[in-house]
Amino acid sequence: MTILKHELRRGRNPLLIWGGVIAFLLAVCVFLFPEMKKQMGEINEVFSSMGSFTAAFGMDKLNFGSLEGYYAIECGNVLGLGGAFFAALCAAGMLCKEEKERTAEFLLTHPVSRTRVLTEKLAALLLQVTALNAAIYAVALGSMVLVGEEIPWRAFNLMHLAYFLLQLELACVCFGVSAFLRKGSAGVGLGIAALLYVTNLIANITESARFLKHLTPFGYCDGAEIVSDGSLNGGKLAVGLGFALLGLAAAYWYYPRKDICA
Amino acid sequence: MDAIKTEKLTKYYGKARGIEDLDLTVEQGEFFGFIGPNGAGKSTTIRTLLGLIAPTGGRAEVLGRAVGKEKEAILREIGYLPAEAVFWSGMKVKEILKLSAELRGRDCAAEARRLCERLELDPNRKVEELSFGNRKKVGIVCALQSEPKLLILDEPTGGLDPLMQRAFFDILRERNRQGTTVFLSSHVLSEVQRNCSRAAVIRAGRIIACDSVEALAQTNAKRVSFRGSAELSDLPGIRDLRTEGESVSFLYTGELNALLGRLAAGKLRDLSLTEPDLEEIFLHYYEKGGEAE
């Protein structure tokens, strides 16, 4: 547990900053909803007539005048992207930062197996992602209560669950990538998250690229689908779970045999 | 049981040579010096013994355990001081020491306190505020506080002032007397000469000499220094000739009578014949690849 506690201490400030910013933006969006609702007619008309942009963000299938429709789009942008960036950044640096900051020599010359290092760092990563989501869930819920709107419980819970799973998948994939890196990890993490986000936008716009929604975790976070189906897409989740396990397997296979440079 | 034993230990980084067919034995309780120029393979050897890198060939044992297979058990008995001690910023010295002890599953608070006092290290300072020398002290306390059976020290005195170097070697000698094996990798030959009973010289990834420090230092070469003039141009056995004005100095391995004849024929105002210091002998090993005189 020593490495786990150490990692949680080191990750405390980034967690507070990312969690604070995402929760703040999400709360602002919710507080804006009553004002938006008054202009519902005009807004729906505007958002449904923006061509590819409308399709890219799923605004052709959602009622922007309802809290669940509004939240699905805002949540997708703020929590989806913000949470994905946090998880990817955190995970991509988790293993390689010791080499980058040249602390690997200190850590790995103590009697701890590489597998233990991996396991405790992974636990710290998953705990941080969980803490971020729990805090954001609480703030978003509190904001809805404060604006006096009826809470669309099922859609709200499913959306937060979907984004939580997205972050876990991204975290596991980037954790695997981190085992192979030695130096820069921020660009790799942000790059992977951005690539998967854009992949989902392309899949939304282009019929022939629709299959890409199965490859990107943003595919099972589609607010329109979640609201209309009342459930998460099991097939896409299964593919996501596969990618996550692949990332973890790569980390557990490679890191114990990796040559640690000074 | 040997503290360290390697047989044909080899490490290549891609095509680049790290160490090659390295055979080395360090007995338990020894104060052993490991000497070589930059890039000779000292750090590669140490990193292989610590399990940070995997060997390309050969085998190594530390305290009777196979390196690679029993890594945690080996590391439990080793205290390691890297050439450059780097820690996580934002942490205090005492937090680093506690973390190191916890990673070993030990409570080393009392020993850490004693070592901090002897090395004049303030445990309440943040590590990023420390000078290179003080960071080195943190590394020293981390390596020593668990009272390991084997100490592996890579360039340990870099950054330490002479008083601290003395305090540090006092501690090492005490530990050695109590049975701790000390493996000291160093460029500073005088500290090897003062402290080590045996030493190995590594050059281009291979051990080129391994013996007691006295035997390694034994040579028939003499350092000859004089002021004045003498005809030495075709005299065989002269090495490392340095001339500065009227002062002439060189290492001589030739016939002594021939030298004295030449000097007697010249005009000398001053003459000294001394044993060369260890530094000079090892420079010879580094340059020539180790053919002992």
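Computed from a predicted model, the values in this text were never measured in an experiment. Note that residues are indexed from 1 along each chain, following the sequence as it is written. Each chain gets a letter, beginning with A, and each ligand a number, beginning with 1, in the order they are written. Only residues with pLDDT of at least 70 get local features here, since the model is predicted, and only at 80 or more are side-chain atom pairs given and counted; chain-wide, interface and lining totals rely on the full set of residues. Values reported for side chains reflect all heavy atoms of the structure, with hydrogen atoms and water molecules removed beforehand.

Topic: the interface of chain A and chain B
Logical step 1: Here a residue-residue contact requires only that any non-hydrogen atoms of the pair lie within 4.5 Å. In this complex, chain A contributes 25 residues to the contact, which on the side of chain B involves 25 residues.
Logical step 2: A salt bridge links Glu84(B) to Arg102(A), with the nearest nitrogen and oxygen atoms 2.9 Å apart.
Logical step 3: Residues adjacent in sequence count toward polar contacts only when both atoms are side-chain atoms; beyond that, a polar contact is any pair of N or O atoms within 3.5 Å, and within protein one must be able to donate a hydrogen and the other to accept it. Counting across the interface, chain A meets chain B through 12 residue pairs in polar contact (both at pLDDT 80 or more).
Logical step 4: Within the residue set of the side of chain A that touches chain B, elements represented by two or more residues are helix H1 (2-10), helix H7 (104-108) and helix H8 (114-147) of chain A.
Logical step 5: Within the side of chain A that touches chain B, the residues separate by chemical class into nine nonpolar, six polar and 10 charged. For salt bridges, the criterion is a side-chain nitrogen of Lys or Arg within 4 Å of an Asp or Glu carboxyl oxygen. Only runs of H or I of at least four residues qualify as helices and only runs of E of at least two qualify as strands under DSSP, and these elements are numbered from the N terminus. Just so you know the grouping, Ala, Val, Leu, Ile, Met, Phe, Trp, Tyr, Cys and Pro go in nonpolar, Asp, Glu, Lys and Arg go in charged, and all remaining residues, Gly too, go in polar.

Digging into the domain arrangement of chain B
Logical step 1: As used throughout, domain bounds are those supplied by an automatic or database domain assignment. Per the domain assignment, the segments of chain B are domain 1 (2-210) and domain 2 (222-275).
Logical step 2: Here domain 1 of chain B and domain 2 of chain B have C-alpha centroids that lie 42 Å from each other.

Some thoughts on the packing of helix H9 (residues 153-180) of chain A against helix H10 (residues 186-205) of chain A
Residue and element names in this part refer to chain A.
Logical step 1: Between N-to-C directions, angles span 0 to 180 degrees; the directions come from axes that are lines fitted to C-alpha atoms, helices contributing only their stretch in contact. Running from N to C, H9 and H10 point in directions that differ by 140°, and their axes come no closer than 10 Å. One element, H9, and the other, H10, form an angle in the oblique class. Of the two elements, H9 crosses H10, and the hand of that crossing is right-handed. Where H9 approaches H10, its residues Leu170, Cys174 and Val177 are matched on the opposing element by Val188, Ile192, Ala193 and Leu196.
Logical step 2: When grouped by side-chain class, the residues that make up the contact of H9 with H10 number seven nonpolar, no polar and no charged. Roughly parallel covers angles under 35 degrees, roughly antiparallel covers those over 145, roughly perpendicular covers 65 to 115, and oblique covers all other angles. Each crossing gets its hand from how the near helix is turned against the far one by less than a right angle, where anticlockwise is left-handed and clockwise is right-handed.

Observations regarding the sheet that holds strand E8 (residues 181-186) of chain B
Residue and element names in this part refer to chain B.
Logical step 1: Here six strands make up an open sheet; going across it, the order is E6-E7-E8-E3-E9-E10 and the pairing mixed. Each end of this open sheet is capped by a strand with a single partner; those strands are strand E6 (78-81) and strand E10 (206-212). Across the sheet, the mean angle separating the axes of adjacent strands is 15° when strand polarity is ignored.
Logical step 2: Pairing geometry for strand E7 (residues 150-154) and E8, over five bridges, is parallel. Bridge pairing in E8 links Ile152 to Phe183.
Logical step 3: Its contacts with the sheet place helix H5 (residues 132-144) against E6 and E7, and it is angled at close to 170° to E6.
Logical step 4: Relative to the sheet, helix H6 (residues 162-177) contacts strand E3 (31-35), E6, E7 and E8, its axis offset from that of E3 by approximately 130°. Between any two strands, at least two bridges found by DSSP are needed for them to pair.

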